[in-house]
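Architecture at a glance
Listed below are the residues making up each chain.
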Amino acid sequence: VTLVINRIDDRLIHGQVVVGWGQPFDIAFIVLVNDEVAQSDWEQELYRMGTPPEMDLYFHSVADAVVALPKYREDKRNGILLTGDVASMHRLVKEAGVREVNIGGIHHRPDRRQRLRYVFLSPVEEDVLRDMEREGANVTARDVPSANAVDLKDVLSAEEAAR
Amino acid sequence: MSDERIAVRAIIAGHGDFAQGILSAVELITGRGAALVPFSAKGLSGVDIEGLMREVVTKHDVRVVFTDLQAGSCTMAARKVLRTIPDHVLIAGANLPMLIDFVFADQVPAVDAARHAFERGRAAMSVLGGKP
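Residues numbered from 1 in each chain as written. Chains lettered and ligands numbered in written order. Predicted model: local features only at pLDDT ≥ 70, side-chain atom pairs only at ≥ 80, totals over all residues. Heavy atoms only, no water.

1. Structural notes on the overall build of chain A
A tally of helices and strands in chain A yields seven helices and nine strands. Taken over the C-alpha trace, chain A has a radius of gyration of 15 Å; the compact-globule value for 163 residues is 15 Å, and the two agree within 12%. Its C-alpha atoms give chain A principal-axis dimensions of about 40 × 30 × 30 Å. Counting all 163 residues of chain A, 55% fall into the buried class. In chain A, of all internal contacts separated by at least 6 residues, the share reaching a separation of at least 24 is 68%. Of the roughly 7600 Å² of accessible surface on chain A, 48% is carried by carbon and sulfur atoms. Charged side chains in chain A number 20 positive and 28 negative. The centres of these two groups are separated by 4 Å. (Helix = DSSP H or I, 4+ residues; strand = E, 2+ residues; numbered from the N terminus. Rg over C-alpha atoms; globule rule 2.2 N^0.38 Å. Buried < 20%, exposed > 50% of the residue type's maximum accessible area, 1.4 Å probe, protein only. Contact = heavy atoms within 4.5 Å. Areas by Shrake-Rupley, 256 points an atom, 1.4 Å probe, with all protein chains shown as cover. Lys, Arg positive; Asp, Glu negative; His and termini not counted. Charge placed at Lys NZ, Arg CZ, Asp CG, Glu CD.)

2. Quick notes on the interface of chain B and chain A
Many analyses report the size of an interface as the accessible area lost when the parts associate. In this assembly, 18 residues from chain B lie in contact with 16 residues from chain A. Summing the contributions of chain B and of chain A, the shared interface buries around 1400 Å²; its carbon and sulfur component is 57%. Summed over the shared surface of chain B and chain A, the number is one salt bridge. When the shortest N-O distance is used, the salt bridge between A:E43 and B:K80 registers 3.4 Å. Inspection of the region where chain B meets chain A yields seven residue pairs in polar contact (both at pLDDT 80 or more). Considering each element in turn, the side of chain B that touches chain A owes the most residues, four residues, to helix α3 (residues 73–82) of chain B. (Buried area = accessible area lost by both parts, 1.4 Å probe. Salt bridge = Lys/Arg side-chain N within 4 Å of Asp/Glu carboxyl O. Polar contact = N/O pair within 3.5 Å; in protein donor to acceptor, adjacent residues only side chain to side chain.)

3. Quick notes on the environment of B:H116
Looking at the secondary structure, you find B:H116 in helix α5 (residues 110–123). Through-space distance from the C-alpha of B:H116 to that of B:D101 is 7.9 Å; in sequence the pair is 15 residues apart.

4. Regarding the pairing of strand β2 (residues 36–40) of chain B
Residue and element names in this part refer to chain B. Judged from the five bridges that link them, strand β1 (residues 10–14) and β2 form a sheet pairing that is parallel. Opposite A13, over in β2, you have F39 as the bridge partner. In the classification by handedness, the crossover that spans β1, the intervening helix α1 (residues 18–30) and the parallel β2 is right-handed. (Pairing = 2+ DSSP bridges. Right-handed = clockwise from strand over helix to strand, strands pointing away.)

5. What about the nonpolar core?
With 36 residues, the main nonpolar core has A:L81, A:M89, A:L92, A:V101, A:L129 and A:M132 as its most contacted residues. Here this core takes six residues from helix α4 (residues 62–74) of chain A, the largest share from any one element. If sequence neighbours within four positions are ignored, A:M132 has contacts with A:I8, A:V86, A:M89, A:H90, A:V93, A:V101, A:A137 and A:V139. Counting residues in each nonpolar core, the second largest holds 23 residues, with B:L23, B:V64, B:V89 and B:F102 among its members. (Core = buried A, V, L, I, M, F, W, Y, C linked by side-chain atoms within 4.5 Å.)

6. Some thoughts on the sheet that holds strand β2 (residues 27–33) of chain A
Residue and element names in this part refer to chain A. Strand order across the open sheet formed by seven strands is β3-β2-β4-β1-β5-β8-β9, with mixed pairing between neighbours. Of all the strands in the sheet, the pair left with one neighbour each is β3 (56–60) and β9 (150–151). Where strand β8 (residues 138–141) lies against β9, two bridges are found, and the strand directions are antiparallel. The residue of β9 that forms the bridge with A141 is V150. Sitting on the sheet, α4 touches β1 (3–9), β2, β3 and β4 (78–83), and the angle it makes with β3 is about 140°. The strands that helix α5 (residues 86–96) touches are β1, β2, β4 and β5 (100–105); relative to β4, the one it contacts most, it runs at about 125°. (Axes fitted to C-alpha atoms, helices over the stretch in contact; angles between N-to-C directions.)

7. Some details on helix α2 (residues 46–60) of chain B
All names here are of chain B. The end-to-end C-alpha distance of α2, which contains 15 residues, comes to 21 Å, matching closely the 21 Å that a straight helix rising 1.5 Å per residue would cover. Every buried residue belonging to α2 is among I49, M53, V56 and V57, and all of these are buried. For α2, the buried positions fall inside an angular range of 100° around the axis, keeping them on one side. More than 90 degrees from the buried face of α2, the exposed residues found are V47, E55, T58 and K59. Where α2 terminates, the next one or two residues include D61, which has phi positive at roughly 50°. (Expected span 1.5 Å × (residues − 1). Arc of directions from axis to C-beta.)

8. Notes on the pairing of β1(A)
In the case of a regular strand, side chains alternate between the two sheet surfaces. Residues and elements named next belong to chain A. The buried count for β1 comes to six of seven residues, which makes it a mostly enclosed element. Note that β1 and β4 share five bridges and pair parallel. If you follow R7 over to β4, its bridge partner there is L82. Bridge count between β1 and β5: three bridges; the pairing is parallel. Bridge pairing in β5 links D9 to G105.

Written out as structure tokens, the structure is:
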């Protein structure tokens, strides 16, 4: 397996991804799956400038990623698959066979309820995450490698105030 | 850091409490911490970081942003926000010598002070000991 994590993170490229995961796992490439960024040369350039020169960055729409993922899985280098939202990863679970999903950062929004310090979920997103597990994926939350992975059932039963 | 005689000239932004922490050091050493506005991305989504950054930049009418890490979400947000502002300066990897130099250079435009501070901050790093 060359895709070390398949991560949902609404900040996309940022310190935790590039440094927190990138350095200890010797990450050589990131596959950023986002329909908006895939159509924006400027945003792609922005994210490239935030990535170390030795780390390759590939951009795909969700539809393109479904086709392209097998190629990345054959890559001998270590990589990260990254989406900015639950729905995009759901599609990759259903159509591209993603079987390990990392919830890395989903932040506050008025319709979301806080589950962990770095995980806020709407009822719709919770249902979609449950469906990922019904599809055969193992869904856990973990912001950085040194943290313990939290199983989805524990994420969904967690109340941040009590943790 | 509420000295009204000192104008706000830049934002210092970063992970966790980086901005508040380094700003407290600037204030302790120079008494001019009021020239910088601290900004934290803690607990915010990428969209919200950008929105809040835009609000702070507009409120204080600044053209200079210092951040902690080139790959950080504050840097990403600052680049998006400053994109539409002419003659701006964004410096990633800010350190204490850099910020001290900046807050003392209040006689020159903030963007010029920032460029000078960048050179000062880079030159201020040193390594002692260990094998060459």
